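# Commentary on secondary and tertiary structure
If you want the building blocks of each chain, they are given just below.
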Amino acid sequence: MTPTDLVQAAKACGMSALGLTDHHLLTGTIEFIKACKDADIQPIIGLEIDLEQGPLQLLATSTEGWSNLCRLSSVLALRDNPDAPCSLDTLFRYSKDLIALCENPQGLQDEFEDRLYVPLRNVSSASTLSAQARKLGLPTVVAHPVYYQTPEQAQLQKTLAAIRLNQTVSTSSQQALAPADAWFMSPQIIEERFKKFPEALKATQEIAERCQFDLPLGKSQMPIIPLPEGVIATQHLRDKATAGAKEIYGEITPQIQIRLDHELEVISRMGFEPIFLIVEDILNFARETGVPYSSRGSAASSLVAHCLGITSPDPLRLNLYFERFLNPARVTPPDIDTDLCSRRRDSVIQHVFDTYGTDKVAMVGTINRYRPRSALGDVAKAYGLEPAKVRELANQLPHAWWARFEESEEGEDPPSPFAELRTAYPCHQSIFDDAEAILKLPRHLSMHPGGVIVAPGALTDLVPVMNSGGKGVVITQLDLDSVEALGLVKIDLLGIRGLTVVGDVAEFVQQSNPEQYATPLSVLSMKPPPIVLSAAKPLAASRSKVRGCVRPCVRSMPARKMTSWQLWRCIVLVHSLVDLRMPSCAASRARNPCAIFIQH
């Protein structure tokens, strides 16, 4: 069940407060908080970790408590072995403003004092734990675990546990499964079950009252940037924009000054100066190190961005309206998307980490969710099917089904992606049931294609982080929506293969004519003469097919046999082909070869 499902179940039962304590990670916390606020339910924010003596639930009682949850979760997730138990020393380092729930509390009393409770999770062990708590002088609290919404979903939880552990349903150990009766029970059922432990029932309300606080959702968290001594960000941005305008236009006319003043006033009023200054710094680094880049999106409507060298189009000449990019009605930070050569992009991202601090920067995490093929493949494997059979089933599903994976305009449920498979394979109905049940649920965390966040202070004061599985880069445990809800600034640095092709050709030209071009980017700064493209046959092909044909041709061109103008024409040709939106049709699959010529 999702955090929203959990909240809706609590609302249906008339509950006033609800807690979430996911294991090790805090990924669903912001979604949970938003859903609670919408349902008028108090969210209790928590985290479950493992100690040598068993599991421990931690509940935040303040924003400082939330920060400690973020720090603790990050420290554990960044270890070489994230699944290893947490040491008491590490726990105590981040224990301020946290309530602890532990069945085996030895060693915790001195640190947590009146913030330590013994949880009663099921009736069968409640008497023993209650007696143990009395001997230690500790209070008890009813803490019924919830792993799924209804009793009928117990089998689905077994399937998900098997997927998580890379085991089969039949071989999974009992320890890997949820406790018995771990479904969402109403308060009335809980009260009846634990009626012999009134103090433990009363403690639930006591803890809820202690955990009342609000995270700063929607509050801007602008990064702090290095500035000249005695100069504030507003003046620094104005000075840079004015200098850039003089360089571009020669003189600042009244029209230019009015437009600059208007944009700078809006930017200053919203406090967005750091965004412009950071992106300018990033692109200056790209220029200095020869990384091809280009701008995209509505930022081209900003004269300030143009004067800083962030965008290429002249908004005055093209009559672009600044309000399309940023206007007084907007409350969220603007997006200044930057495209970079995909092969050289990592050096630019590393510059951001080095310049603004590894403790303040991270790539944005993203939640990969189950689609039909991945859901069927994982479930079939968990049921013990042979790999060949798993592939046989999954390969009968289309790759591009996600677009139909939404409700229709009439509000009807989308058709089942497994309908035909159910008919063809009647013996695998349980597999199809479980696969359909987990559609859209989170499968794993991965890295956003280009989102980078820069925090004003230590990032883990506000957001938990972890290592990505692929490149080993630090990413946020929260997805983009959650990060933006916390007010952090995201900068998109996107890798574009088209710019890689252009960069390769520019290097080729520069190396062929080093006396004429100091750097590869100086090749791209030339204004090319007009060229005429013609084709031996009408061309109908996808961009990827054309790009795949042109790239090796360019690499094989003999450098010494071509003039710089001929090479420049190659650049324009490659660039135009990479960016050209050619229609993909049946003709693109024809075997007849096509040729493209440069006319000199």
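Preceding this section is the structure that the text describes.
Notes on the structure follow.

Calculation notes
Residues numbered from 1 in each chain as written. Predicted model: local features only at pLDDT ≥ 70, side-chain atom pairs only at ≥ 80, totals over all residues. Heavy atoms only, no water. Axes fitted to C-alpha atoms, helices over the stretch in contact; angles between N-to-C directions. Helix = DSSP H or I, 4+ residues; strand = E, 2+ residues; numbered from the N terminus. Parallel < 35°, antiparallel > 145°, perpendicular 65-115°, else oblique. Left-handed = near helix turned anticlockwise from the far one by under 90°. Contact = heavy atoms within 4.5 Å. Nonpolar A, V, L, I, M, F, W, Y, C, P; charged D, E, K, R; others polar. Buried < 20%, exposed > 50% of the residue type's maximum accessible area, 1.4 Å probe, protein only. Arc of directions from axis to C-beta. Core = buried A, V, L, I, M, F, W, Y, C linked by side-chain atoms within 4.5 Å.

### Details of the packing of helix H12 (residues 273-288) against helix H14 (residues 345-356)
One way to put it is that H12 packs onto H14 with a least axis distance of 10 Å and a crossing angle of 130 degrees. Taken as axis vectors, H12 and H14 run oblique relative to one another. Relative to H14, the crossing made by H12 is right-handed. For the pair H12 and H14, the contacting residues are Ile278, Asp281, Ile282, Phe285 and Ala286 in the first and Ser347, Val348, His351, Val352, Thr355 and Tyr356 in the second. Here the residues of the contact of H12 with H14 are counted per class, giving seven nonpolar, three polar and one charged.

### Things to note about helix H1 (residues 3-12)
Turning to H1, its buried residues are Pro3, Leu6, Val7, Ala9 and Ala10. In a view along the axis of H1, the buried residues occupy a sector of 160 degrees, so they form one face of it. On the buried face of H1, the contacting elements are strand E1 (17-23) and helix H2 (29-38).

### Description of the nonpolar core
Where a protein is soluble and globular, its nonpolar side chains tend to be buried together. Ranked by internal contacts, the top residues of the largest apolar core, which has 55 residues, are Ile49, Leu56, Leu58, Trp66, Leu69 and Leu91. Residue contacts for Leu91: discarding those within four places in its chain leaves Ile49, Leu51, Leu56, Leu58, Leu72, Cys86, Leu108 and Phe112. By size, the runner-up hydrophobic cluster in this structure holds 52 residues, among which are Ile267, Val304, Cys341 and Val452.

### Focus on the environment of Leu376
Along the chain, Leu376 turns up in helix H15 (residues 372-382). A residue is classified by how much of its surface remains accessible, and Leu376, at 0% relative accessible area, is buried. The spatial distance from the C-alpha of Leu376 to the C-alpha of Ile438 is 9.4 Å, given a sequence separation of 62 residues. Residues in contact with Leu376, not counting those within four places in the same chain, are Leu393, Ala394, Leu397, Phe418, Leu421, Ile431, Phe432 and Ala435.

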